[in-house]
Amino acid sequence: MIRILGIDPGLRRTGWGLIESRGNALSYVAAGTVRAGLDGEMAQRLVELHAGLTKVVGAFQPDEAAVEATFVNKDAAGTLKLGQARGIALLVPALAGIPVAEYSPNAVKKTVVGAGHAEKAQIRMMVGVLLPKADFDSDDAADALAVAICHAHHRVSLARMKALAG
């Protein structure tokens, strides 16, 4: 059994979702959203995200983590700021000695929904189908569960590729 933490980084809301994988069987453990104050300075918001994710990692002790990669959009400044939140999402599990994988938004959508350009409602629906007991408080938490599901499906092939490269 492997416990996987999926993280959907954001500056205001960072979703997290925890699943257990036993072979091809997946089960829901927990999900939630770390919220950072909108009125704080960037550094303070990052501290809040770090503290929230650190609590999640400490409470649930995942074996592996997966983070959704940032996509580049028309707003370069926004993309750079989101990259800072993503850095926190990568750093927290890494500091706890947990291996971290990264997946593009399209890879997550294709794995969970079957199409790389799925809408949020489709992701929520498929997360509910794949994890019937899932209870999530936001689209961000649903997306994080989707990231964890994606990792559960791709982790074996990633390990093989790393072994061949090393």
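Everything numeric in this text was worked out from a predicted model, so none of it was measured.

A look at the overall build of the protein chain
Right, so step 1: On a plain count of helices and strands, the protein chain comes out with five helices and five strands.
Right, so step 2: From first element to last, N terminus to C terminus, the protein chain shows the α and β order β-β-β-α-β-α-β-α-α-α.
Right, so step 3: A compact globule built from 166 residues would reach a C-alpha radius of gyration of about 15 Å, and the protein chain, at 15 Å, matches this within 12%.
Right, so step 4: Taking the principal axes of its C-alpha atoms as reference, the protein chain extends roughly 45 × 35 × 30 Å.
Right, so step 5: A total of 166 residues make up the protein chain; the buried ones form 43% of that total.
Right, so step 6: If you take every contact in the protein chain between residues at least 6 apart in sequence, the share linking residues at least 24 apart comes to 60%.
Right, so step 7: Within the protein chain, one finds 18 positive and 16 negative side-chain charges whose respective centroids are separated by 4 Å.

Looking at the UniProt feature "binding site: Mg(2+) 2" (unreviewed entry) in the protein chain
Right, so step 1: When the UniProt feature table is mapped onto this chain, "binding site: Mg(2+) 2" (unreviewed entry) is found at Glu-68.
Right, so step 2: For Glu-68, a relative accessible area of 14% translates into the label buried.
Right, so step 3: Setting aside residues up to four positions removed in sequence, Glu-68 forms contacts with Ile-7, Asp-8, Pro-9, Arg-86, Tyr-103, Pro-105, Val-108 and Val-147.

What counts, and at which threshold
Residues numbered from 1 in each chain as written. Predicted model: local features only at pLDDT ≥ 70, side-chain atom pairs only at ≥ 80, totals over all residues. Heavy atoms only, no water. Helix = DSSP H or I, 4+ residues; strand = E, 2+ residues; numbered from the N terminus. Rg over C-alpha atoms; globule rule 2.2 N^0.38 Å. Buried < 20%, exposed > 50% of the residue type's maximum accessible area, 1.4 Å probe, protein only. Contact = heavy atoms within 4.5 Å. Lys, Arg positive; Asp, Glu negative; His and termini not counted. Charge placed at Lys NZ, Arg CZ, Asp CG, Glu CD. UniProt positions renumbered as here; feature names shortened; annotations may be inferred.

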